[in-house]
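# Secondary and tertiary structure notes
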Amino acid sequence: MLHTVSRSMLTDWSQATAMLTTTRIHIAAVLLLASVTGGGQACSNEWTSFAGSCYLLGTDAVTWTDAEGMCRLLSANLVEITSKEESDFISRFLSGHSAISTWIGATDIFSEGKFVWMPEGEPVNFTNWAPGEPNHNTGTGSEDCVILDENRSWHWNDIACTTAAYFVCEMSDLSIVG
């Protein structure tokens, strides 16, 4: 069978080719951005996506300082919970794991009672303290770091930074272009 090509078909073909080339360039740019930022369409590998951030549960119980260090090795920080929606998400996220006590990035180590998110030092505005917390024990067993406590329905509890607990790392999902 003989096929004929009309001028209008060539124009349509040229437009389709141009669109395909543009699409390939956009895909290449997204893949390049993903490879540079370590992200994928949402979050890479074991990371879980929520509201423009990626979250990962640490599999070892460690001190708060060690937890922050491990997150930093992954180009992340201990989680900063800044809204009820994020708090609810983290509670659901942790409920599917066996982490009973879990570090978050809040501390008042620099000024008792003034909690900040580390490492930036931004003030903690949203809170979800368990009843009676923070209770700011001071002295040898001072409570300067914050965990989410499964036994308290994942509400916050200030405890000694040297306590061993699991941890959640958070990083921005830079591959989401909005």
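That block above? That's the structure.
Everything in this summary refers to the structure shown in the same document. (Residues numbered from 1 in each chain as written. Predicted model: local features only at pLDDT ≥ 70, side-chain atom pairs only at ≥ 80, totals over all residues. Heavy atoms only, no water.)

### Points about the packing of aromatic side chains
One pass over the full model with this rule turns up seven aromatic pairs. Geometrically, the ring pair formed by tyrosine 55 and phenylalanine 89 is tilted, given 5.0 Å between the ring centres and 55° between the ring planes. Of this pair, tyrosine 55 sits in strand E2 (residues 53–57) while phenylalanine 89 sits in helix H3 (residues 84–95), and the two are 34 residues apart along the sequence. With respect to class, tyrosine 55 is no different from phenylalanine 89; both count as buried. With centroids separated by 5.9 Å and ring planes inclined at 75°, the aromatic side chains of tryptophan 117 and tryptophan 156 adopt a geometry described as edge-to-face. You can see tryptophan 117 sitting in strand E5 (residues 116–117) and its partner tryptophan 156 sitting in strand E8 (residues 155–159), a full 39 residues away along the chain. Accessibility classification places tryptophan 117 together with tryptophan 156 in one group, the buried group. Taken together through their ring pairs, the aromatic side chains of Phe115, Trp117, Phe126, Trp129 and Trp156 make up a single cluster. (Phe/Tyr/Trp six-rings, centres within 6.5 Å; stacked < 30°, edge-to-face > 60°. Helix = DSSP H or I, 4+ residues; strand = E, 2+ residues; numbered from the N terminus. Buried < 20%, exposed > 50% of the residue type's maximum accessible area, 1.4 Å probe, protein only.)

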